[in-house]
Every structure is written in structure tokens, then in C-alpha cells.
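These are the residues of each chain, in order.
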Amino acid sequence: MYAYFYIDKDNNLVECDRDTYKKWEFSLNATREPLFFYIKDRNICVECPDLELDGRLIDKYGDGLVVRESEFSVQEKHYTILTEICETYCVEDDDDSYRGFYGYYPAFSTIVICSSNGDFVGEAFKLTDCPNYGLEKAIEYHESIILDIVSGKDLKYIS
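Reading the values: rules and limits
Residues numbered from 1 in each chain as written. Predicted model: local features only at pLDDT ≥ 70, side-chain atom pairs only at ≥ 80, totals over all residues. Heavy atoms only, no water. Pairing = 2+ DSSP bridges. Helix = DSSP H or I, 4+ residues; strand = E, 2+ residues; numbered from the N terminus. Core = buried A, V, L, I, M, F, W, Y, C linked by side-chain atoms within 4.5 Å. Buried < 20%, exposed > 50% of the residue type's maximum accessible area, 1.4 Å probe, protein only. Contact = heavy atoms within 4.5 Å. pLDDT = per-residue confidence, 0-100. Salt bridge = Lys/Arg side-chain N within 4 Å of Asp/Glu carboxyl O.

Once that is clear, we can look at the pairing of strand 2 (residues 13–16). Across four bridges, the pairing between strand 1 (residues 2–7) and strand 2 is antiparallel. In the sheet register, Y6 faces strand 2, and the bridge partner there is V14. Once strand 1 ends, the chain turns through five residues before running back antiparallel as strand 2, passing N11 with a positive phi of about 70°.

The biggest cluster of nonpolar side chains holds 16 residues, and the ones touching the most others in it are F5, V46, C48, L53 and L57. Sorting the residues of this core by element identifies strand 1, helix 1 (18–27), strand 3 (35–39), strand 4 (44–48) and helix 2 (51–61) as the ones contributing at least two each. Among the elements that take part in this core, strand 1 stands out by supplying five residues, more than any other. In this structure, L53 is in contact with F5, I7, L13, W24, E47 and C48, ignoring residues within four places of it in sequence. Among the nonpolar cores identified, the runner-up in size contains ten residues, and C45, I85, C90 and A138 belong to it.

Averaged over every residue, the pLDDT of the protein chain is 84; the share at 70 or more is 86%. Here strand 6 (residues 77–93) stands out as the least confident element of the protein chain, with mean pLDDT 84; strand 2 is the most confident, with 95. Note on residues 97–101: pLDDT under 50 across the span, and six contacts to partners over four residues away in sequence or across chains.

Positive phi, normally seen in glycine, also occurs at N43, with a value near 55°. Mapped onto the secondary structure, N43 falls in the loop between strand 3 and strand 4. Despite not being glycine, N117 shows a phi value in the positive range, around 55°. With respect to the helices and strands, the residue N117 is situated in the loop between strand 7 (103–116) and strand 8 (119–128). Classification of N117 as exposed rests on a relative accessible area of 69%.

Quick look at the pattern of salt bridges now. With the rule as written, the count across this model stands at three salt bridges. The closest approach of N and O atoms between R42 and E15, which form a salt bridge, is 2.8 Å. Here the residue R42 occupies a position in the loop between strand 3 and strand 4, and E15 occupies one in strand 2, the gap between them amounting to 27 residues. A residue is classified by how much of its surface remains accessible, and E15, at 41% relative accessible area, is partly exposed. A salt bridge links K22 to E25, with the shortest nitrogen-to-oxygen separation between them at 3.3 Å. Separated by three residues within a single helix, K22 and E25 lie in helix 1, roughly one turn from each other. Look at K22 and you get buried, because its relative accessible area is 9%. According to the relative accessible area criterion, E25 is buried, its value standing at 14%.

Counting buried positions along strand 1 yields five of six residues, so the element is predominantly enclosed. Relative to strand 4, strand 1 runs parallel, the two sharing two bridges. The residue bridging Y2 from the neighbouring strand is C45, located in strand 4.

Below you can see the structure in the form of C-alpha cells.
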């Protein structure tokens, strides 16, 4: 559920394999943790070592933070559930060291907000930060919240 892009010598946005991306990233002398971008229609995350790549992806694909957004009502309670990429946090995974470099993976946040008759009832927040499978786990968590609420198990999501 990950894809890699780089900006070639002709200033084109190009999709590539991970090894090509890592060589390009190394050539940038990036000194900070990467940003991550979500392409909704492809259900993939993209690592962005700089703001230029992030900006080019925004121009091509739009907002790259929201992974899932759900809004529904059950028994006079209104629920809003938002799962998105954390902008300020990512996960470093040293399991990639066998390939000669360390990997970074996106972390995801899910927030559930509940209201009744326009009044705030409560909210819950969860961070999903598991390397390699974070996107899948964040989507599974989002969908499991919906199923639990619809089946009447909403209390554990509201503090």
C-alpha cells in the first residue's frame, strides 16, 4: 500500500520503485523525517522527503491527509469519524537496515466525535503507528468503529 515518486532531471513527477526513490532521496541530502501523502483513489501512501514533492502531489491528487471520513447517526446520536495521516509524526523502522537504510512509515490518527441534538457527548482518539502495515491497520480500525457503533457497542469510543 505504498508507492514512490521522485522529480526527475526534467522536473517531471515520476512514479518509481523503492530503490530508485531512495537513491533520489539520498541525493537531496534530506535532514529531516519525511512527510507522507495519501492518494485516496489508489489507496496508497507516498513518502515525501521535501515540501516540493509534497506540493507536486497535492497539485496532482488534492488533499493527501484524509484516509477515511464517515458521518452517520444511530439512535439520536450523530457520529463523525476521521482517520488521517499525522502531519507531525512518523515511525522509524530499523528493520529496513538490512537494505542499507532505515525506513520511515506514516502514523495515522483516528478521532471519533459524538453529539446528540447538537450537543457534544464525547470523543475518542487513537494513534496507529505500526511500521509496514499502518495504513491497513488504520483502515481496519476505522471500519471496526463503524461496525461496533452500528451494533450498539458505542460506549467504549466515547470518553
